[in-house]
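Observations on chain architecture
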Amino acid sequence: MPVVFGIRGPGGPSVDAPREAEKALRTMQAVAALAGYELRETTDARGAPAYAITRWNLARVLPDLGAVEAFLERVAGPGRGS
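In this report, we go over the structure that sits alongside the text. (Residues numbered from 1 in each chain as written. Predicted model: local features only at pLDDT ≥ 70, side-chain atom pairs only at ≥ 80, totals over all residues. Heavy atoms only, no water.)

A few words now on the overall build of the chain. A count of helices and strands for the chain gives 2 helices and 5 strands. Within the chain, buried positions represent 30% of all 82 residues. In the chain, once contacts between residues fewer than 6 apart in sequence are set aside, the share between residues at least 24 apart is 26%. When the accessible surface of the chain is totalled, it reaches about 5300 Å², and 56% of it is carbon and sulfur. (Helix = DSSP H or I, 4+ residues; strand = E, 2+ residues; numbered from the N terminus. Buried < 20%, exposed > 50% of the residue type's maximum accessible area, 1.4 Å probe, protein only. Contact = heavy atoms within 4.5 Å. Areas by Shrake-Rupley, 256 points an atom, 1.4 Å probe, with all protein chains shown as cover.)

See the structure below:
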């Protein structure tokens, strides 16, 4: 099970998981901004939660924070996605 900004640990979801997820999203938004991107919460075509990352009027919709983290690792450099 991948660890996305400490949202899940070996024992399963944290009691403070919603707050930790919010903090993780805000941290990723800051990392994205420093790399020249904008990260927003949105929904996909089916209405499921998703994340849109945009730059220069181009957008990519990612399904979860793990995918956002992987994308930021590629564009911002190793260790910058988290």
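One pass over the structure, following the stated rule, counts 3 salt bridges. Across the pair D44 and R46 runs a salt bridge, and its minimum N-O distance is 3.0 Å. Residue classification places R46 among the exposed positions, given a relative accessible area of 74%. (Salt bridge = Lys/Arg side-chain N within 4 Å of Asp/Glu carboxyl O.)

For the rest of this paragraph, the subject is the side chain of T54. Residue position: T54 is located in strand β4 (residues 49-55). Exposure remark for T54: the relative accessible area of 15% places this residue in the buried category.

This next bit is on the sheet that holds β4. Strand order in this open sheet of 3 strands is β3-β4-β5, and the pairing throughout is antiparallel. Taken across any chain shown, the strands that pair with only one partner, and hence form the sheet edges, are β3 (38-43) and β5 (58-62). Strand-to-strand twist across the sheet, computed as the mean angle between neighbouring axes with direction ignored, equals 30 degrees. Most of the contacts of helix α1 (residues 17-34) go to β3, to which it runs at about 135 degrees, and overall it touches β3 and β4. (Pairing = 2+ DSSP bridges. Axes fitted to C-alpha atoms, helices over the stretch in contact; angles between N-to-C directions.)

Under the defined criterion, the tally for this structure stands at 1 aromatic pair. On the numbers, 5.5 Å between centres and 90 degrees between planes, the contact of Y37 with F71 is edge-to-face. Note that Y37 is positioned in the loop between α1 and β3 and F71 in helix α2 (residues 65-76), a separation of 34 residues in sequence. No difference in accessibility class separates Y37 from F71, as the two residues are buried. One Lys or Arg, R55, reaches over the ring of Y37 and ends 4.8 Å from the middle of that ring. (Phe/Tyr/Trp six-rings, centres within 6.5 Å; stacked < 30°, edge-to-face > 60°. Lys NZ or Arg CZ within 6 Å of the ring centre and 35° of its normal.)

Further remarks concern α2. Between its first and last C-alpha, α2 extends 15 Å over 12 residues, near the 16 Å set by a 1.5 Å rise per residue. The backbone nitrogen of G66 lies 3.1 Å from a side-chain oxygen of the residue at the head of α2, namely D64. Looking one or two residues past α2, G77 carries a phi angle of roughly 110 degrees, positive in sign. (Expected span 1.5 Å × (residues − 1). Polar contact = N/O pair within 3.5 Å; in protein donor to acceptor, adjacent residues only side chain to side chain.)

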